[in-house]
Number of protein chains: 2
Amino acid sequence: MTVLFSRKCEYALQGILYLAEKQDQGNISADQIAKDLSISKDFISKTLQSLVKEGIVLSSRGKTGGFALARAPEELSLLDIILVIDGNGVFESCVLGLPTCGSDSPCSVHEQWGPLREASRQMLANTTVAQFKPTNETDK
Amino acid sequence: MTVLFSRKCEYALQGILYLAEKQDQGNISADQIAKDLSISKDFISKTLQSLVKEGIVLSSRGKTGGFALARAPEELSLLDIILVIDGNGVFESCVLGLPTCGSDSPCSVHEQWGPLREASRQMLANTTVAQFKPTNETDK
DNA sequence: TTTAATTCGGACTGATTACTCTGCTTTTGT
DNA sequence: ACAAAAGCAGAGTAATCAGTCCGAATTAAA
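Residues numbered from 1 in each chain as written. Chains lettered and ligands numbered in written order. Predicted model: local features only at pLDDT ≥ 70, side-chain atom pairs only at ≥ 80, totals over all residues. Heavy atoms only, no water.

Notes on the relation of the copies chain B and chain A
Convention followed: Least squares is used to superpose the copies, and the fit set is the C-alpha atoms of residues whose pLDDT is at least 70 in both copies. Any two residues having at least one pair of non-hydrogen atoms within 4.5 Å are treated as being in contact.
Structural alignment of chain B on chain A gives an RMSD of 0.1 Å, achieved by rotating through 180 degrees and translating 0.0 Å along the axis. Taken together, these values place the two copies in the relation of a two-fold axis. Taking the C-alpha atom as reference, chain B places Leu 4 of chain B closest to the rotation axis, 2.8 Å from it. Most of the interface of chain B is mirrored in chain A, where 100% of its interface residues are also at the interface.

Details of the interface of chain B and chain A
How we decide: Two parts placed together each lose some accessible area; with a 1.4 Å probe, that loss summed over both constitutes the buried area. For salt bridges, the criterion is a side-chain nitrogen of Lys or Arg within 4 Å of an Asp or Glu carboxyl oxygen.
With 33 residues of chain B in contact, the opposing surface of chain A contributes 33 residues. In this assembly, chain B packs against chain A so that about 3000 Å² is buried in total across both faces, 72% of it on carbon and sulfur atoms. Its largest share of buried area at the contact with chain A, chain B owes to Thr 2, Leu 96 and Met 123 of chain B, together 21% of the area lost on that side. Inspection of the chain B/chain A interface yields 0 salt bridges.

So, the protein's contact with DNA strand D
Put simply, the test is: Here, proximity means that at least one heavy atom of the residue falls within 4 Å of the molecule or strand. Two N or O atoms form a polar contact when they lie within 3.5 Å of each other; inside protein one atom must be a possible hydrogen donor and the other a possible acceptor, and for residues adjacent in sequence the pair counts only when both atoms belong to side chains. Counting from the N terminus, the helices are DSSP H or I runs at least four residues long and the strands are E runs at least two residues long. Ten residue types, Ala, Val, Leu, Ile, Met, Phe, Trp, Tyr, Cys and Pro, are classed as nonpolar, four, Asp, Glu, Lys and Arg, as charged, and the remainder, Gly among them, as polar.
Neighbouring DNA strand D are 25 residues; Ala 30, Lys 46, Ser 59 and Arg 61 of chain A together with Ser 40 of chain B lie closest to it. Close to the protein, within 4 Å, the atoms of DNA strand D are drawn from sugar and phosphate at a rate of 68%. Interatomic distance of 2.8 Å between a backbone N/O atom of Ala 30 of chain A and a phosphate oxygen of DNA strand D. Here a phosphate oxygen of DNA strand D and a side-chain polar atom of Ser 40 of chain B are 2.4 Å apart. For the surface near DNA strand D, the secondary-structure elements that each account for two or more residues are helix H3 (41-53), strand E1 (57-60) and strand E2 (66-69) of chain A together with helix H1 (7-21) and helix H3 (41-53) of chain B. Take the surface near DNA strand D: its biggest share by element is 3 residues, from H3 of chain B. Looking at side-chain class alone, the surface near DNA strand D contains 6 nonpolar, 11 polar and 8 charged residues.

Points about the side chain of His 110 of chain B
Residue and element names in this part refer to chain B. Under the convention used in this document: The rule is simple: take the accessible area with a 1.4 Å probe, protein chains only, and divide by the maximum for that residue type; under 20% is buried, over 50% is exposed, in between is partly exposed.
On the secondary structure map, His 110 appears in helix H5 (residues 110-126). The class of His 110 is buried, set by a relative accessible area of 18%. Aside from chain neighbours lying at most four places away, what touches His 110 is Cys 101, Gly 102, Ser 103 and Arg 117.

Here we look at helix H5 (residues 110-126) of chain A
To be explicit about the condition: Every helix has an expected span of 1.5 Å times one less than the residues it contains.
Between its first and last C-alpha, H5 of chain A extends 24 Å over 17 residues, near the 24 Å set by a 1.5 Å rise per residue. Packing partners of the buried residues in H5 of chain A comprise helix H4 (78-86) of chain A together with H5 of chain B.

Observations concerning the protein's contact with DNA strand C
The full set close to DNA strand C counts 24 residues, and Ser 40 of chain A together with Ala 30, Lys 46, Ser 59 and Arg 61 of chain B are the nearest of them. At 2.8 Å, a side-chain N or O of Lys 46 of chain B approaches a base oxygen of DNA strand C. The dominant element in the surface near DNA strand C, judged by the number of residues it contributes, is H3 of chain A, at 3 residues.

Description of H1 of chain B
All names here are of chain B. In this model, H1 (15 residues) spans 21 Å end to end at C-alpha, consistent with the 21 Å of a helix rising 1.5 Å per residue. For H1, the tally of buried residues reaches 12 of 15 residues, placing the bulk of the element in the interior. Those residues of H1 that sit buried are Cys 9, Glu 10, Tyr 11, Ala 12, Leu 13, Gln 14, Gly 15, Ile 16, Leu 17, Tyr 18, Leu 19 and Ala 20. For H1, the elements touching its buried residues are helix H2 (30-37), H3, strand E1 (57-60), strand E2 (66-69) and helix H4 (78-86).

The following block contains the structure:
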């Protein structure tokens, strides 16, 4: 089944949302995340490491180590995460995969697709991680 | 790179559009399609066979054999082809892959994504193969 | 009736994605 | 100092997707 984002990207989003939820509880171990999200510990671990490299997530080793958000949830959009994991290919290439299709010689759906694609992008850019937090006020 | 539709689906769309273009030239061989679209003959062949099974494309064997559209291009939408090859997963599942997300307990983007997804679907459903034909009138 | 040109079916191969394993390093509590 | 608990890195494995190959069945023309 073809899906908009890669599995890894979906897990990254879920992981980030989870970290935001537990934001005030300090470091969260990959083990705990994995259990609560029912994902493989090794895989979510690797995925979060990608986000650590990009400065989106903080990590610390050792006995009390784990992961935490590097930015305020209000300053972190879903698109930020998607771009790191999957890149922006989804928002760029021709929907029909037509090799000739581009802004200069667009295919029949190109013009109609553009606004939809842009709206999707905007929505993901405007939706912050904070909006997923259950019932907290602004910042802690 | 993650993309909306599978490669096979993209080829199917390109193949159908090509068949529509050559509609008045009788059967078109997989070999010719492959050459003109710069796709592997074997692969486009297999792909079109899937569409034959669903009654979207006609095929005939033998010396003058080849493929042709089974329906009028005006009666064939892009969505028809997409559904056969990729199914409707893209239009159904949660964008974020959240396991809990559904119409009963939607995630934060679910509500906003719905209209976009529906608009995309509508656009693909309303765009017929005929719209791609260069400069022909209605039906021959 | 033979031959050439085609689709068709199934098995096969290669590439990419998804995930796992193992061992190492770091850090903290005892 | 030591042991336990965590992340990290790289190699390895499994599954799916993309594409190939080959031989059989079909059909039309020579």
